Amino acid sequence: MRKKLSKIEYWKKWEFFELLNDLHSALELLIKRNLSTKEADEFRIALEENIDDIEFGNQTDLSYIWMLFSTGGQWDVIMGQNDREIRERIFERTDRWKKNH
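The rules we used
- Residues numbered from 1 in each chain as written.
- Predicted model: local features only at pLDDT ≥ 70, side-chain atom pairs only at ≥ 80, totals over all residues.
- Heavy atoms only, no water.
- Helix = DSSP H or I, 4+ residues; strand = E, 2+ residues; numbered from the N terminus.
- Contact = heavy atoms within 4.5 Å.
- Phe/Tyr/Trp six-rings, centres within 6.5 Å; stacked < 30°, edge-to-face > 60°.
- Axes fitted to C-alpha atoms, helices over the stretch in contact; angles between N-to-C directions.
- Left-handed = near helix turned anticlockwise from the far one by under 90°.
- Nonpolar A, V, L, I, M, F, W, Y, C, P; charged D, E, K, R; others polar.
- Salt bridge = Lys/Arg side-chain N within 4 Å of Asp/Glu carboxyl O.
- Buried < 20%, exposed > 50% of the residue type's maximum accessible area, 1.4 Å probe, protein only.
- Parallel < 35°, antiparallel > 145°, perpendicular 65-115°, else oblique.

Caption draft 1: Main features of the environment of R44. Looking at where R44 falls in the secondary structure, it is placed in helix α3 (residues 38-56). Sequence-wise, R44 and K99 are 55 residues apart; in three dimensions their C-alpha atoms are separated by 26 Å. Dropping the residues within four chain positions of it, R44 is found in contact with L27, L30 and I31.

Caption draft 2: Just the packing of aromatic side chains, in detail. For the structure shown, the criterion picks out four aromatic pairs. When the ring of F43 is compared with that of W75, the centres are 6.1 Å apart and the planes differ by 55°; the resulting orientation is tilted. Here W75 lies in helix α5 (residues 74-79) and F43 lies in helix α3, a separation of 32 residues in the sequence. Members of the aromatic cluster, joined through ring pairs, are F43, F69 and W75.

Caption draft 3: Up close: the packing of helix α2 (residues 16-33) against helix α6 (residues 84-99). Two elements in contact, α2 and α6, have axes separated by 10 Å at closest approach and are oriented at 145°. Seen from above, α2 lies across α6 with left-handed handedness. Residues F16, E18, L19, D22, L23, S25, A26 and L29 of α2 form the contact with α6, whose own contacting residues are I86, R89, I90, R93, T94 and W97. Residues of the contact of α2 with α6, tallied by class, amount to eight nonpolar, two polar and four charged.

Caption draft 4: Layout of the pattern of salt bridges. Scanning the model with the defined rule gives nine salt bridges in all. Two residues, D22 and R93, come together in a salt bridge whose shortest N-O distance is 2.6 Å. Residue D22 is found in helix α2, and its partner R93 is found in helix α6; the two are separated by 71 residues along the sequence. Comparing D22 with R93 shows no difference in burial state: the two are buried. A salt bridge links D76 to R87, with the nearest nitrogen and oxygen atoms 3.2 Å apart. With D76 in helix α5 and R87 in helix α6, this pair connects stretches of sequence that are 11 residues apart. Here the two residues D76 and R87 agree in accessibility, since each one is buried. Here the salt bridges do not stand alone but share partners, grouping E15, D22, R89 and R93 into one network.

Caption draft 5: Focus on the packing of α2 against α3. The interhelical angle for the contact between α2 and α3, taken along N-to-C directions, is 155°, at an axis separation of 10 Å. By the angle between their directions, the pair α2 and α3 is classed as roughly antiparallel. Note on packing geometry: the crossing formed by α2 with α3 is left-handed. Here α2 contributes L20, L23, H24, A26, L27, L30 and I31 to the contact with α3, which in turn contributes A40, F43, R44, L47, E48, I51, I54 and E55. Tallied by class, residues from the contact of α2 with α3 come to 11 nonpolar, one polar and three charged.

Given below as structure tokens:
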């Protein structure tokens, strides 16, 4: 019989702490770019809401974040080739989670 993971163990296994750090960094980068387009504003709001849902709402469905940070997704549309490394880290973590859930 497999032991059920605690919430903290689960978050560590799926690198949620690292993912949250990267999501906060991505949000800071987006804010620093100071883009004033409708798309950038909508992306920023969606990202803030998803971060809050993960941190405070016990949300573990990362499908929307996976979509935002996929190649050619909203991050690429808004940020272009800037800060591509963070997009790739976020995508890899959410992709790993998505493939295993």
